Amino acid sequence: MAGQLPIDSRPWPVRRDQALQDKTMQQTIQFVTRRVANAKVAAYTAYPEGERLRQRAVGVKRRSVENMEEHLAVFAQQVEAHGGQVHRAKTAADAIRTVLEVAKNHGVQRVIKTKSMVTEELELNRAFESVGIAVRETDLGEYIIQLAHEKPSHILAPAAHKNRAQIEALFDQDAAAYHTEPPASDDILALTQYARRRLREEFLAADMGVTGGNFLVAETGTLVLITNEGNADMVTTLPPILVSVVGVEKIVADWPGLTEVIQQPALSGVGQRLSSYTTMVSGTRGTDQWEGPDEWHVVLLDNGRTLLKDTPFEDVLSCIRCGACLNVCPVFRQVGGHAYGSVYPGPIGIVETPLLTNFEVLPELPSVLCTLCHACGEACPMDIDLPGHIVQLRKIKRDRHMDAAGVTRSYRWWARFWATPHGYRRSIRWARWGQRWFVRHGRIQSAPGLAGGWFNTRDMPPVASPTFHEWWERTRGKGHRS
Amino acid sequence: MKDEGREQTLQLFATCLIDLFRPQAAIAAVEVMERRGSTVEFPAAQTCCGQFSYNAGYHREAADLARHWIAVFEAALNNDSHGRIVALSGSCAAMIIKEYPLLLYRDALDRGDSAVEAKRWQERAERVGEQVIEFTEWLAQEKAANLPASLGIGVVYHNGCHMRRMLGITTGPETVLQDYGFSVVPIEDADQCCGFGGTYSMTEWRVSTAVADQKLQALGKAREMGAQCLTSADFGCLGHLGGRLSRRRDPFPVVYIAELIALTDRGQLTVEELQQMAHQKEKS
Amino acid sequence: MIETEALRNQFQRQFEALGGHVFYASNSERLPVVLASAYQAMVDRYLPDGPLQVVYWLNLDLSVLDLEGILGGIRGTQCICWPQGSRQHAVQEKWRDLLAESQVGITGAAWAAADTGSVALYSSPSTGLLPSLLMPIHIILLNQKRIQPSVSDGLKKLYQESETQGRMPPLVKLITGPSMTADIEGQLVIGVHGPTAIGVVVYE
Ligand code: SF4
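Residues numbered from 1 in each chain as written. Chains lettered and ligands numbered in written order. Predicted model: local features only at pLDDT ≥ 70, side-chain atom pairs only at ≥ 80, totals over all residues. Heavy atoms only, no water.

**Q** Give me the interface of chain A and chain B: which residues, what numbers.
**A** Counting residues at the interface gives 65 residues for chain A and 67 residues for chain B. For the pair chain A and chain B, the summed buried area comes to about 6200 Å², and 59% of that belongs to carbon and sulfur atoms. Counting the surface chain A buries against chain B, the share from its top three residues, Y411, R458 and F468 of chain A, is 12%. With its nearest N and O atoms 3.2 Å apart, the salt bridge here joins D110 of chain B to K395 of chain A. At the boundary of chain A and chain B, one finds 39 residue pairs in polar contact (both at pLDDT 80 or more). Of all the elements, helix 20 (residues 405–418) of chain A adds the most residues to the side of chain A that touches chain B, at 7 residues. Broken down by class, the residue content of the side of chain A that touches chain B amounts to 34 nonpolar, 16 polar and 15 charged. (Contact = heavy atoms within 4.5 Å. Buried area = accessible area lost by both parts, 1.4 Å probe. Salt bridge = Lys/Arg side-chain N within 4 Å of Asp/Glu carboxyl O. Polar contact = N/O pair within 3.5 Å; in protein donor to acceptor, adjacent residues only side chain to side chain. Helix = DSSP H or I, 4+ residues; strand = E, 2+ residues; numbered from the N terminus. Nonpolar A, V, L, I, M, F, W, Y, C, P; charged D, E, K, R; others polar.)

Here's what the structure looks like:
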């Protein structure tokens, strides 16, 4: 069954133009993506083991996805043997229903959350709020965009599009609403300290924690969470009820497998050998134990993922959400995450969004947000063939007649002419005849049809006289051979 | 292998963009190859590698062009397994070497051919692909007899994305330029795309231009550091950046790499000459 | 042994590269002195003013260490020993508030990894994670023997222990540097939710 993803329903040109005009966003995104991309390269250079680890991690993920169902069953068994409960959710709606039920059964009023793309996919915060449960994001970036009522613009740095002045304004508003001291200034340290103070209250008061998950280990029934801030530790140790919503593809068969993959998100995502905090949950707390949840629910979300199994796109399920493909993408660096209109932006987003939803939403993504420079393919630590998939998705669109008829016709005629030398020559004669109306100061400055867009911002020289073909024919052609 | 090369015959694949918009690039390449003792042949039936269509998802159309390309160059090679095809574009070379085999295999199946027939196309593509070499790669193997001392000319070299990431050619062309006496001026974010992307530059011209402008901004800094010319082994990128510079009425010289080498060979390379080349289109 | 020393040095390099502080006590007699000066250095640097309250638990090999005696003289430090666990909510809440008001957490460790500079803590009735999380300063007392060459080795050890125990500890945490974020304009800030400063006292 096709999955469902929340989308920004404004048409692409609107999303695009807004992004291209947002200079603040562009500056911050440029800075952040470059900094992280450089940190990744530096980390691998300084860590000779890194590349070998990465290759083994690819093998682990591929093999785990191959027998996903089997491993998920073992995982469920293990979690339940250690006090937890596992729920399978075929669709986004199933997952939401499960989570809300748990909350309702315990009369939960306040929820704290770690950053999780899957809960973005479910729009879980909205669901909580709709039944009157207060929910608080605790990752600093997520907290900022929650206050701004926005969506993440980067899977690892959700507020990468905001600058400090904008953030101070949000915190001031929040402080007024909660009758607390506002941040001392728009200094980044002061802003962070404000968030620490404010969120500390929420941590201590919450009665349910919600996390995503970076890995699930079948053999031991372990959930692995990776953060730099330490908020996942707060969420897993403080509230009495813990709910973890995780995509089924996060499964890893066994513990040795986990040791091979565990460093990858940090190494490729932020250029650290490990993130500051790696938290592992393997069950509810035992008797005489202080910390940890009394109840632990794991919701395994499908939402279109198994559609990809046993297809040429199966490698997409190895994605560890490191964001490396976003950081190197020249288009992402220009337009930022919101222009994609999907919770999953960047190269992985333009591949995953149509695949998970069977092209039902945002079918334009593969066509409009990629120059096919292959930087993502080079950067992806999981060797996911992103550029190859983007080309194939464009082909699927064409085969399903999703392109404008005029565009399809242009490509068809183009190939028809250029597949023979005669047709090629003929097209040149026509071009020469046609370009007369468009040449100014020795350059072509406008043109009709498919090529027209070029001339809005760029010139082109007219078709040369002679072309190289003609030059060769004149100087080296049959008549000139001695 | 190189030593038989004194007499080597090279099949030139000029690419459609150079053929139509920068013939002097191919003329220069011929000059460079001949000066190094090679015989150059130009299979006149060649047109385009089909990458434009392929990247846009028009694989049936791309396959038509690919089959034509293979037929033309197979005929030119005439079963000579040592023969080489020199491509004046890393991107087109990558299309042929990396994409043709699977493209033709799948397309054959899509058209209802047997698996055997599809495999046959794949193997033909692989075989001819093995004989394709990108121009600067070929040039790097040629040890020029008397390399000039420093020319005192600063160039920015833009490495095309497909050249870099699909063919794995990274610093080779810059080394060639340095060998020939150029001082290569580094450019920020050298490995970032110029924004061209084939027909992407037409259909999504706003984004494409934003990416190009970022490259030009980096180029601006390189110019402050002494760059006097922009060059590349891919005319797709050069045409894109050059077209953008032209629209901004910026006369900065944009020259295909073979043209630089040909001028150096002749001992005629000067800054004035570069500027003249850049202005050729104004004069015409 | 040379090998242990090499591991300790590698661990120290990595841990310091992450912004942590490493102190070294070459034998158990020296540990009180080293710990006192480490503690003094860290509180003076990161919390120059105000009262100091420490919550701690120690590995079994240090159960005779008199922390009150060692730290009590430094700026009037109060030391509170982390109690055996309890499931009573009232007790829990009291402790939680106590932790939230304290300034320094001192804990033992399950193991450390030299290649990444990580320290592993398990949650058990007598060893808790909260003292490593809620306070601005966290100091770890690490027996040099517990340093593993790599994080993979450490994880393997955890796995083997869990096989004899019959299960994994319900919560395990690897600490690899202080709490930090780059969520505002990509600028690194230390100490978001967890400690701003972490130190390790390695002893033989
Ligand atoms: S596709 Fe690859 S690079 Fe992109 S987020 Fe996933 S794992 Fe990282």
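**Q** Tell me about unusual backbone geometry, and name the residues and values.
**A** Between S465 of chain A and the following residue, P466 of chain A, the backbone shows a cis peptide bond with an omega angle of 0 degrees. Along the chain, the position of P466 of chain A falls in the loop between strand 12 (443–444) and helix 22 (468–476). Although it is not a glycine, N79 of chain B sits at a positive phi angle of roughly 65 degrees. You can see N79 of chain B is positioned in the loop between helix 4 (59–77) and strand 3 (84–87). Using a relative accessible area of 78% as the deciding quantity, one classes N79 of chain B as exposed. Located in the positive-phi region is R249 of chain B, a residue other than glycine, with phi close to 55 degrees. (Buried < 20%, exposed > 50% of the residue type's maximum accessible area, 1.4 Å probe, protein only.)

**Q** Quick one: what's the story with the packing of helix 4 of chain B against helix 6 (residues 115–130) of chain B, residue by residue and with numbers?
**A** All names here are of chain B. Close contact between helix 4 and helix 6 brings their axes to 10 Å; oriented N to C, the two are set at 55 degrees. Classified by the angle between their axes, helix 4 and helix 6 sit oblique to one another. Crossing angle aside, the handedness with which helix 4 passes helix 6 is left-handed. For the pair helix 4 and helix 6, the contacting residues are R67, W69, I70, F73, E74 and L77 in the first and W121, R124, A125 and V128 in the second. (Axes fitted to C-alpha atoms, helices over the stretch in contact; angles between N-to-C directions. Parallel < 35°, antiparallel > 145°, perpendicular 65-115°, else oblique. Left-handed = near helix turned anticlockwise from the far one by under 90°.)

**Q** Lay out the sheet that holds strand 9 (residues 277–281) of chain A with the relevant residues and their values.
**A** Sheets are built from strands paired through backbone hydrogen bonds, the pairs being either parallel or antiparallel. Overall, mixed pairing links the 8 strands, which are arranged 8(A)-5(A)-6(A)-9(A)-9(C)-6(C)-5(C)-8(C) in an open sheet. The open sheet terminates on both sides in strands that have one partner only, identified here as strand 8 (251–252) of chain A together with strand 8 (147–148) of chain C. Sheet topology places strand 6 (residues 118–122) of chain C next to strand 9 (residues 171–175) of chain C; 4 bridges connect them, and they run antiparallel. Within strand 9 of chain C, the residue paired with Y122 of chain C across the bridge is V172 of chain C. (Pairing = 2+ DSSP bridges.)

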